[in-house]
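# Notes for the structure review
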Amino acid sequence: MDPQTFRFLLITDTHYFAEKLGCRGEAYDEFMAYEQKCFAETQAINEAAFRWLNGTDLADTVLIAGDLSFNGEAESHREFIELLRSLKAAGKRVFVITAGHDCNEHPFAYDETGRLAPEGTPRDTLFDLYYDFGFSDAIAVDREHLSYVAQLAPGIRLLALNNDGNFASRHTYPARQIEWILRQTAKAREEGETMIAMTHYPMLPGSPVFSLLGGEVVMKNADYLTTLLADEGVHLCLTGHMHNQSIKVKTTEKGNRFIDVCTGSLIGWPASMRLITLTDREWVDVETLPVPDFAWDLGGLTKDEYFARQFDRMLNTYMTAMRDDPARFLGKLGLKNAPDALQKTVAKVGSYLNSASVGKVCRLFAVKCPASVKDKPFRQLAVELVRNIFTGDSPYNYGTPEYEAIMGVLRRFSPLFSVLDRKNGTAGTENAMLPMLERTIGHYGVSDYNARFRLH
Ligand SMILES: [Fe+2]
Ligand SMILES: [Fe+2]
């Protein structure tokens, strides 16, 4: 018997910005120094991506996992919806969810006069705005939580979950939404349907080091939710938000698999799209596709170099600000009005890190530094390490010179790590600080780009 194959394309964090609202001037440049993603270019990138999606024969179904507009500008939504309509006119089925950046009532733009305040988008208008791109085709709708279930193909359902929590419990699902989810998963099981999910916030940390960070890197009660969904029969979840590329897998105590495929933003490093194939409702193939060429002067750079330059610019700004403007640096980390003593310490550390080589840092910790990385500026290595976390498939595996230098220095912090491990209850596990950091700078196991799984 021929295999039953269903294929779809996925993009996320399109962050469309209507260029005519204004994205230029001195204030714009200052904003962009601390920004990870493109801004002025987003219209051109989206137009190119949708032209490509309209014309491709690879799949007839397109999923978009939220953060559709740059920051909730009404005009950006209007223009983005025109792109979605063009996709439908080209014969594609389109399923979107909205997220935090889609319902900001106070978005911004810039021109020569400074910061502007274009019209925003109240959350309660999103259902009507995006009705034709998911809700109208749904077999079940949870209007309150902007979520729905759609029949993607015979035997395959999409559980499309908004998780803006109506701002009250952002980054998770409120109790009533969970009740609705459980009714949908039970129904899918009774009817012999395979269900996959799409939600904006990641469900599994995209990099081991993300498990240390609070806030928005992963859903608030992710461990509970991933276990719940996997045990209910939802084994594949498509996410975005962090603008990183990752494919992470967990197995619940009952032996059920949960796979989180987190895809990078369309408009910032590591700009990507995914092609996902379900075969016989049993096998999942994830492939990564590059964002198409777009109409923009890249100044002689490749697309990848251009996206990476903006990403690195943000990191370099932070590094420089440590030394030159510690108050601003600390403010960006949420520590406004930091005491003078802390500012001075940050400036001192910043000054050292901005000028030291990898060899010099190794010497400071009495670590033998491989000759090939001795003269590399430490600042460059730091920028690479952070960028690699978002790129996925981090390259500094066991045996590379960078591994030797970084792990050598990190081992000097073992006494501190032991205290933290005891505090976190991770002592002796693979989530203890050292092995966790080892798996952050290098990459072992499933690729973050192309992978094949058995669904359950
Ligand atoms: Fe985003
Ligand atoms: Fe987001």
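Here the structure is a predicted model, which is why all the values come from computation and not from measurement. (Residues numbered from 1 in each chain as written. Chains lettered and ligands numbered in written order. Predicted model: local features only at pLDDT ≥ 70, side-chain atom pairs only at ≥ 80, totals over all residues. Heavy atoms only, no water.)

Take the overall build of the protein chain next. The helix and strand tally for the protein chain stands at 15 helices and 15 strands. For 456 residues, the compact-globule formula gives about 23 Å, and the C-alpha radius of gyration of the protein chain, at 23 Å, lands near that figure. With respect to the three principal axes, the spread of C-alpha positions in the protein chain is 65 × 60 × 40 Å. Split into buried and exposed, the 456 residues of the protein chain put 57% on the buried side. Intrachain contacts of the protein chain at a sequence separation of at least 6 include 69% that bridge at least 24 residues. (Helix = DSSP H or I, 4+ residues; strand = E, 2+ residues; numbered from the N terminus. Rg over C-alpha atoms; globule rule 2.2 N^0.38 Å. Buried < 20%, exposed > 50% of the residue type's maximum accessible area, 1.4 Å probe, protein only. Contact = heavy atoms within 4.5 Å.)

Another aspect to go through is the coordination of the iron ion (ligand 1). On the protein side, the iron ion (ligand 1) has Asp13 (OD), His15 (NE2), Asp67 (OD) and His243 (NE2) as donor atoms, found 2.1 to 2.3 Å from it. Because the angles between the four donor atoms bound to the iron ion (ligand 1) fall within 85 to 170°, the donor set is best described as irregular. Counting along the primary sequence, the residues that act as donors to the iron ion (ligand 1) give the motif D-x1-H-x51-D-x175-H. (Donors = N, O, S within 2.8 Å, 3.2 Å for Na, K, Ca; no water. Tetrahedral: all angles 85-135°; square planar, octahedral: opposite > 155°, others 65-115°.)

This part is about the coordination of the iron ion (ligand 2). Donor atoms from the polypeptide that bind the iron ion (ligand 2) are Asp67 (OD), His200 (NE2) and His241 (ND1), placed at 2.1 to 2.2 Å. The metal-metal distance between the iron ion (ligand 2) and the iron ion (ligand 1) comes to 3.5 Å, with Asp67 coordinating both. Linking His200 in the loop between β9 (194-199) and α6 (222-232) with His241 in the loop between β10 (234-239) and β11 (246-251), this pair joins segments that are 41 residues apart in sequence.

Time to look at the pairing of strand β1 (residues 5-11). Across the seven residues that make up β1, a large majority, five, are buried. Pairing geometry for β1 and strand β13 (residues 272-279), over six bridges, is antiparallel. Looking at β13, one finds that Phe8 is bridged to Ile276. Here β1 runs beside strand β2 (residues 61-64); their pairing, made up of three bridges, is parallel. Bridge pairing in β2 links Ile11 to Ile64. (Pairing = 2+ DSSP bridges.)

Here we take up the packing of helix α14 (residues 414-424) against helix α15 (residues 433-441). Where α14 contacts α15, the axes come no closer than 9 Å and their chain directions differ by 105°. When the interaxial angle is binned, α14 and α15 end up roughly perpendicular. Together, Ser414, Phe417, Leu420 and Asp421 of α14 and Met433, Leu434 and Leu437 of α15 make up the contact between the two elements. Considered class by class, the residues forming the contact of α14 with α15 number five nonpolar, one polar and one charged. (Axes fitted to C-alpha atoms, helices over the stretch in contact; angles between N-to-C directions. Parallel < 35°, antiparallel > 145°, perpendicular 65-115°, else oblique. Nonpolar A, V, L, I, M, F, W, Y, C, P; charged D, E, K, R; others polar.)

In this section: the pattern of salt bridges. Under the definition given, this model contains 25 salt bridges. Where Glu119 meets Arg78, a salt bridge forms, and the shortest distance between an N and an O atom there is 3.8 Å. With Glu119 in the loop between β5 (114-116) and α4 (126-129) and Arg78 in helix α3 (residues 74-89), this pair connects stretches of sequence that are 41 residues apart. Of the residues examined, Glu119 reaches a relative accessible area of 55% and is grouped as exposed. Overall, the relative accessible area of 45% leaves Arg78 in the partly exposed class. Put simply, Lys20, Glu75, Arg78, Glu79 and Glu119 are held in one network by salt bridges that share partners. (Salt bridge = Lys/Arg side-chain N within 4 Å of Asp/Glu carboxyl O.)

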